[in-house]
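Spelled out, the chains give:
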Amino acid sequence: MKRLIIMLLIASSALSTAFAQKNANWQKARPASEVKYPTVVRGALNDFIQQFALTEGQSYSVNRNPVTDVLESSERVVRFRCDTAEPMLQEVKNAYNTSEYITYQFTQIMPGGNEQFAIRVVSDGGKVNKTIPVRTKNTQEMWFLATKNLENPQLRDVYAIVWEKKSTPAEDDVFEGTIYMISSLRPDLYTKEMESSKKTFRIEGRVDANIKDSLYNIYIADTYAQLCGQSDDAYVACVPVINKRFEYQVELDHPVVGRLRCIFPDGELCSAWIDLDFVPGETYHITVHNGYYDDDMDYERRVGRFSGKSLINGAVTVDEPRESVRTIADPIEQVQLMQAERTKESINKAVEVQLKFKANKIEADMAVLKILYQDLDAAKRIEIPMDLTFDQILGKNKTIESEFDDMIKLVGNDVISDKDKIEFKTHIYKKALELVIEQNKILSEASRVVGFPKSGRKLQTYLEKLSDKYMDALTKIIR
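Attention here is on the structure that accompanies the text. Nothing here was measured: the structure is a model prediction, and the numbers come from that model. (Residues numbered from 1 in each chain as written. Predicted model: local features only at pLDDT ≥ 70, side-chain atom pairs only at ≥ 80, totals over all residues. Heavy atoms only, no water.)

1. Remarks on the overall build of the protein chain
Formally: Segments assigned H or I by DSSP are reported as helices when at least four residues long, segments assigned E as strands when at least two residues long, and all are numbered from the N terminus. A simple rule labels every residue: compare its accessible area, found with a 1.4 Å probe on the protein chains alone, to the largest value its type can have, and call it buried under 20%, exposed over 50%, or partly exposed in between.
For the protein chain, the helix and strand inventory stands at eleven helices and 16 strands. Here the protein chain holds 479 residues, and the buried ones make up 52% of them.

2. A short note on the nonpolar core
Filter applied, for reference: The term nonpolar core refers to a set of buried residues drawn from Ala, Val, Leu, Ile, Met, Phe, Trp, Tyr and Cys, joined through side-chain atoms within 4.5 Å.
Y373, F404, L443, L459 and Y470 are the most contacted members of the largest nonpolar core, which totals 37 residues. Secondary-structure elements contributing two or more residues to this core are α8 (344–382), α9 (387–410), α10 (418–449) and α11 (454–478). Looking at this core, the element that brings in the most residues is α10, giving ten residues. Counting residues in each nonpolar core, the second largest holds 28 residues, with F201, I211, C270 and V279 among its members.

3. Focus on helix α2 (residues 39–52)
Our working rule: A helix is expected to span 1.5 Å for every residue after the first.
Compared with an ideal rise of 1.5 Å per residue, which puts 14 residues at 20 Å, α2 spans 20 Å between its outermost C-alpha atoms and is within 8% of the ideal. Those residues of α2 that fall on the buried side of the exposure criterion are T39, V41, R42, A44, L45, N46, F48, I49 and F52.

4. Examining the sheet that holds strand β15 (residues 283–288)
For the record, the criterion: A strand pair is defined by DSSP finding two or more bridges across the two strands. Axis definition: a line fit to C-alpha positions, over the contact stretch in the case of helices; interaxial angles, taken between N-to-C directions, run 0 to 180 degrees.
The strand order across the open sheet formed by four strands is β12-β9-β15-β16, and the pairing between neighbours is mixed. Both edges of this open sheet fall to β12 (245–251) and β16 (293–295), since each of them pairs with a single strand only. Strand-to-strand, the axes of this sheet are offset by a mean angle of 15°, without reference to chain direction.

5. Some remarks on the environment of T475
Tracing the backbone through its elements, the reader meets T475 in helix α11. Residue classification places T475 among the partly exposed residues on the basis of a relative accessible area of 31%. As a C-alpha pair, T475 and T426 span 49 residues in sequence and 9.5 Å in three-dimensional space.

6. Section: the pattern of salt bridges
In plain terms, the rule: Salt bridge criterion: a side-chain nitrogen from Lys or Arg within 4 Å of a carboxyl oxygen from Asp or Glu.
Tallying each qualifying case throughout the model produces eleven salt bridges. In this structure, K93 and E141 form a salt bridge, with 3.3 Å as the shortest nitrogen-oxygen distance. Of this pair, K93 sits in helix α3 (residues 87–99) while E141 sits in strand β6 (residues 141–148), and the two are 48 residues apart along the sequence. Here K93 falls in the buried class, since its relative accessible area comes to 17%.

7. Some remarks on the pairing of β6
By the criterion of burial, β6 is predominantly enclosed, with eight of the eight residues buried. Burial along β6 is two-sided: E141, W143, L145 and T147 facing one way and M142, F144, A146 and K148 facing the other are all buried. Two elements, strand β3 (residues 105–109) and β6, share five bridges in a ladder whose sense is antiparallel. Residue pairing for β6: T107 is matched across the bridge by F144.

8. Describing the packing of aromatic side chains
Inclusion rule: The rule is short: rings of Phe, Tyr and Trp, with Trp giving its six-membered ring, pair when the centres are within 6.5 Å, and they are stacked under 30 degrees, edge-to-face over 60, tilted in between.
This model, assessed by the stated rule, comprises eleven aromatic pairs. Where Y216 meets F246, the ring centres are 4.2 Å apart and the plane angle is 20°; that geometry is what we call stacked. Of this pair, Y216 sits in strand β10 (residues 215–221) while F246 sits in strand β12, and the two are 30 residues apart along the sequence. Residue classification places Y216 among the buried residues on the basis of a relative accessible area of 5%. Ring geometry for Y219 against Y235: centres 6.3 Å apart, planes inclined by 90°, an arrangement best described as edge-to-face.

9. Considerations on the state of the cysteines
By definition, a disulfide is the covalent link that joins the sulfur atoms of two cysteine residues. Our working rule: Disulfide: a pair of cysteine sulfur atoms within 2.5 Å of each other.
Enumeration according to the criterion identifies zero disulfides in this entry. Lacking any disulfide linkage, C238 is separated from the closest cysteine sulfur, that of C262, by 9.9 Å. Under the relative-accessibility criterion, C238 is labelled partly exposed at 35%.

10. Topic: the sheet that holds strand β13 (residues 256–263)
Read from one edge to the other, the open sheet built from four strands follows the order β11-β10-β13-β14, with strand pairing classed as antiparallel. Whereas interior strands pair on both sides, the edge strands pair on one side only; in this sheet they are β11 (237–240) and β14 (274–278). Each strand of the sheet is rotated relative to its neighbour by a mean of 30°, with strand direction disregarded. Across four bridges, the pairing between β10 and β11 is antiparallel. Counted as the bridge partner of Y216 is V239 from β11.

Written out as structure tokens, the structure is:
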């Protein structure tokens, strides 16, 4: 556990320095080659809007889930007019071509093509499903790309631009068109979930292009203690990665616990894994990166709604096994598992792996926060609405707060010594407090230059309360 604490301190130390260079570096976006985020296209479209947007016909809206307050959709539609020889329009095209490799959907339609094109917008948990026409005439040129939203993997970000030459002789050298910037729930996820059986639990995974994962072992047990006591070869399925994707599904009568563990191409079993609740009727989405992963941020909330509570969080005791949908061992092996469940070493190992994944997840979320602050600065400089970015920063901070809380809970059980527990909590609270203080400084300096909207003041209020929370927690430990 000492080694784990040192590792986590090194990882979390990077969190507090993520905003250290907040002057020149804050205003300089990360290159598109460093992160799968359409920074180049966003910048080109925003610059184009700044120069050629028409006052009439503009619209901007944000929709949130009324229960969870999670962003579900945002729409920004801007009409524009420019000369046909305007060089900035070519810069927009170049930005799309440069960003094609980061998209999961890319479309270009030139004038003369008969294809019509529309954007599907899903919100309110899939209840609202509308279509926005984009290309309606064969005289129009259109560029479109869609990427996964970094704030929430359930969202899809769409950037589209369409234009056509004015038909009147007096305006033959003028283009008129529309720009669409839309974030909404991914239609493919909700279509699949609606088709799922109420008893079917699914895993739908992706892996980065540079990840060499070849297989994923799936483990299932009725209790978390049983899961921790399983041997490496007690898997119920071995799922291949095909075209950087893997899928698994199982019919369940009640919630159970499960584990995903990668097998590398050389046959080596990965030393780390992911544990989660397997709940009937649920679909778990995950994208594996190099050293961390993204998953459905609302999954645990849905798990709690269906099963009443997680079977993993805080589970360190041995429960009586229920009738399982799958038999994971014969009676002799079951006795061996029950003996293994009582060993503290297996519990310690499970906690350590979960802490490592939490640390990696926080680092990834911090990288997203840094990009969001860059977007906030860009919005301030070109005077576009900042509400969406403020809301995203607030949402990401809430996610990080939850992850810090989860790490504290993981060491709250009697799995490490009291001395190590105090040391671990002290450093975690200190790093979390440093992160909040640094953001407060940035926002305080920025607010003196430009007035913040209500969403900005809401973020500042939240961070101030978070600062008090971590300060109080530190004070109680130090006493």
